[in-house]
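Breakdown of the fold
Listed below, chain by chain, are the residues.
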Amino acid sequence: MTDRIVSAEVIVCSPTRNFVTLKVTTTDGVVGYGDATLNGRELAVASYLRDHVAPLLLGRDPARIEDTWQYLYRGVYWRRGPVTMSAIGAVDLALWDIKGKTLGQPVYQLLGGAVRDRILSYTHATGWDVPQLLDSVDQRREQGFRAVRAQSGVPGLESVYGVHKGAAGYEPAGRGAHPVEEVWDTDAYLNHVPGVLTAVREHVGSELKLLHDAHHRLTPQQAARLGKSLEAVDLFWLEDVTPAEDQHALRLVRNHTTTPLAIGEVFNTIWDCQQLISENLIDFIRVAIAHAGGISHVRKIFALAEIHQVRCGPHGPSDVSPITMAASVHLGMSTPNFGIQEFMGYGPLVDEVFPHAWSFADGYLTPGEAPGLGVDFDEALASQYPYEPAYLPVARRLDGSMTDW
Ligand code: CS2
Ligand code: MG
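Let me sum up the structure you'll find in this document. (Residues numbered from 1 in each chain as written. Chains lettered and ligands numbered in written order. Predicted model: local features only at pLDDT ≥ 70, side-chain atom pairs only at ≥ 80, totals over all residues. Heavy atoms only, no water.)

Here's the deal with the overall build of the protein chain
- A tally of regular secondary structure across the protein chain gives 13 helices and 18 strands.
- Taken over the C-alpha trace, the protein chain has a radius of gyration of 21 Å; the compact-globule value for 405 residues is 22 Å, and the two agree within 12%.
- Its C-alpha atoms give the protein chain principal-axis dimensions of about 65 × 45 × 45 Å.
- Here the protein chain holds 405 residues, and the buried ones make up 58% of them.
- A fraction of 73% describes how many contacts in the protein chain between residues 6 or more apart in sequence connect residues 24 or more apart.
- For the protein chain, the exposed area adds up to about 15,800 Å²; of that, 51% sits on carbon and sulfur atoms. (Helix = DSSP H or I, 4+ residues; strand = E, 2+ residues; numbered from the N terminus. Rg over C-alpha atoms; globule rule 2.2 N^0.38 Å. Buried < 20%, exposed > 50% of the residue type's maximum accessible area, 1.4 Å probe, protein only. Contact = heavy atoms within 4.5 Å. Areas by Shrake-Rupley, 256 points an atom, 1.4 Å probe, with all protein chains shown as cover.)

This is the structure we're talking about:
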């Protein structure tokens, strides 16, 4: 008898931070896991899955991954968006996990097999001032990273994106019922960051790959100015230089600088980045596998990028679960134009809740050979850490007007 989906459960837990996990079980007793974590809107995706998707999955053939994707995407009528596409992404990851487990193969083998032996990764270095930042970069190099993103404080600003306070690890979402409000000053940032990144490059020499994230805060003209001012720093990429819903705004930036550009972590379908890729307005596409409809859709984005010589640098912060990290590494193993994987690490408790076959060594990630995505989920341990409301900050300019955080 053909295998059928008999249950689809949504589990929200908070071991150090909130995660949303989809658990799909079949008549043959095969369990697949998907990640539905969307930082600050976890419960919206959990409800979308519980109330509107899970009931539709019961009785479906788990092997029909693409048909299920089309059913959930076209069947809902309303298109796109992070909540919808994260829910579809979670189902997609769970079904790829089931297919791999059913066939006894790691998912990358089902995607055409390996085109490389390991996945280059990068991580975050942060510091309130240059000395602190240089120490953080040195720590990351000692951990084996060959690529490091550098973010620093800005004189006059109390809090800045990407820089954590005190010894705690960086987690952008603050626990509580309301977002924290931060003050942002683009002029102070633009006057400060070229000197910071120049100091980092002088400290590390020419070999270490350096990245920086402008986090959607500049106008196209300011982005062009920053990109031009950083050309001598030889960045591996400058990320999210300007809000990219307005895709053709990147034409202005592209016309003024050769600094490589990376955009895409807030995108959730191919249509959000089709112009950026087909006009070569970016060098790296950054979509997160979980937020952009899962493996089935993201591999189409990566294929479009391949024909335009755009490389892939998937989003992989601490606020997607080890399940998404696994999917990213499996997809990266079989994607010719893969560039680099963001990897911040998860800490021992999260690794215990989500035991995984993927591993990090010497600056690279490898998927392991476990069937499926190779990630398990300790429900009993997860249940000890219930959801806690947490929101990403919001940012206002010096005059009090809202800007992008
Ligand atoms: C950042 C993210 O890692 C990055 O590139 O842009 O950390 C982003 O701020 C968070 O994912 C938001 O939840
Ligand atoms: Mg980013």
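Things to note about the pairing of strand E1 (residues 5–13)
- Taken together, the eight bridges between E1 and strand E2 (residues 19–26) define a ladder with antiparallel strand orientation. Residue pairing for E2: valine 12 is matched across the bridge by valine 20.
- Following E1, the chain reverses through five residues before pairing antiparallel with E2; threonine 16 in that reversal takes a positive phi of roughly 75 degrees. (Pairing = 2+ DSSP bridges.)

Overview of the layout of surface pockets
- Of the pockets and cavities examined, the largest pocket occupies roughly 980 Å³.
- The class makeup of the residues in the lining of the largest pocket is 18 nonpolar, 10 polar and 11 charged. (1 Å grid on protein atoms, 1.4 Å probe; cavity = no way out; pocket = protein on both sides within 12 Å on 5 of 7 lines; lining within 4 Å. Points joined across faces, edges and corners; volume = space filled by probe spheres on them. Nonpolar A, V, L, I, M, F, W, Y, C, P; charged D, E, K, R; others polar.)

Thoughts on the sheet that holds E1
- Spatially, E1-E2-E3 is the arrangement adopted by the three strands of the open sheet, whose pairing is antiparallel. The open sheet is flanked by E1 and strand E3 (31–35), the only strands paired with a single partner. In this sheet, adjacent strand axes meet at a mean angle of 20 degrees when their direction is disregarded.
- Here five bridges tie E2 to E3, and the two strands are oriented antiparallel to one another. Counted as the bridge partner of leucine 22 is glycine 34 from E3.
- Where helix H1 (residues 42–57) meets the sheet, its contacts fall on E1 and E2, and the angle it forms with E1 comes to roughly 170 degrees. (Axes fitted to C-alpha atoms, helices over the stretch in contact; angles between N-to-C directions.)

Regarding the sheet that holds strand E18 (residues 402–403)
- A sheet is described by the order of its strands in space; here three strands give the open sequence E7-E17-E18, paired in mixed fashion. The open sheet is flanked by strand E7 (181–184) and E18, the only strands paired with a single partner.
- Taken together, the four bridges between E7 and strand E17 (residues 394–397) define a ladder with parallel strand orientation. If you follow glutamate 181 over to E17, its bridge partner there is valine 394.

Points about the packing of aromatic side chains
- Summed over all chains, the structure comprises 16 aromatic pairs.
- Judged by centre distance (5.5 Å) and plane angle (75 degrees), the rings of phenylalanine 19 and phenylalanine 354 are edge-to-face. On the criterion of sequence distance, the pair formed by phenylalanine 19 in strand E2 and phenylalanine 354 in the loop between helix H12 (348–353) and strand E14 (359–361) is long-range, its members being 335 residues apart.
- Phenylalanine 354 sits in the buried class, given a relative accessible area of 0%.
- Within the aromatic cluster, the residues linked to one another by ring pairs are Phe145, Phe343, Tyr346, Trp358 and Phe360.
- Arginine 17 extends its terminal NZ or CZ atom over the ring of phenylalanine 19, reaching a point 5.6 Å from the ring centre. (Phe/Tyr/Trp six-rings, centres within 6.5 Å; stacked < 30°, edge-to-face > 60°. Lys NZ or Arg CZ within 6 Å of the ring centre and 35° of its normal.)

Topic: the pairing of strand E4 (residues 119–127)
- Most of E4 is tucked away, with nine of its nine residues classed as buried.
- Here E4 pairs with strand E15 (residues 364–366) via two bridges, running antiparallel. Across the sheet, leucine 120 pairs through a bridge with tyrosine 364, a residue of E15.
- Where E4 and strand E13 (residues 341–342) come together, two bridges link them in parallel fashion. Of the residues in E13, the one forming a bridge with serine 121 is glutamine 341.
- Examined bridge by bridge, E4 and strand E5 (residues 147–152) share five bridges and lie parallel to one another. Considered in E5, the bridge of threonine 126 is made with glutamine 151.

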